Amino acid sequence: MGALQLLAVRKLDQVFTSRLREHEFIELINSVDRLRHANIVSLVGYCSEYAQRLLIYEYCSNGSLQDSLHLDEDYERKVLWNNRIRIAFGAVRAIGI
């Protein structure tokens, strides 16, 4: 029996995803699945049933990049500008822009 893995599930916005046909959604999933970078969690799977679309990712115990970049000024783990730029360049390299 394999080890348990903690996962994160993100429900996609229906307004956005309703505009995508099923094959376009699958193409998007395939593109996201190819992303490999230290600052990007891996896509584990997806679900597209009953007009709901979900993405399943590796769980990141440190929280999301969104949380780190947009926390209150008082929070002690605020990301400094030099690190923000380094993360941005790394993300750009990961998506091949």
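In the block above lies the structure referred to throughout.
Residues numbered from 1 in each chain as written. Predicted model: local features only at pLDDT ≥ 70, side-chain atom pairs only at ≥ 80, totals over all residues. Heavy atoms only, no water.

A. The arrangement of the pairing of strand 3 (residues 52–58) in detail. Inspection of the sheet shows strand 1 (residues 7–11) paired to strand 3 by five bridges, in the antiparallel sense. Across the sheet, residue V9 finds its bridge partner in strand 3, namely I56. Relative to strand 3, strand 2 (residues 43–49) runs antiparallel, the two sharing six bridges. Bridge pairing in strand 3 places S48 opposite R53. Between strand 2 and strand 3, which pair antiparallel in sequence order, lie two residues; one of them, Y50, sits at a positive phi of approximately 55 degrees. (Pairing = 2+ DSSP bridges. Helix = DSSP H or I, 4+ residues; strand = E, 2+ residues; numbered from the N terminus.)

B. Spotlight on the nonpolar core. In terms of nonpolar packing, the biggest core is built from six residues, these being L12, F25, I29, L43, L55 and Y57. Elements that contribute at least two residues to this core include exactly helix 2 (22–33) and strand 3. Dropping the residues within four chain positions of it, Y57 is found in contact with L7, A8, V32, V41, S42, L43 and V44. (Core = buried A, V, L, I, M, F, W, Y, C linked by side-chain atoms within 4.5 Å. Buried < 20%, exposed > 50% of the residue type's maximum accessible area, 1.4 Å probe, protein only. Contact = heavy atoms within 4.5 Å.)

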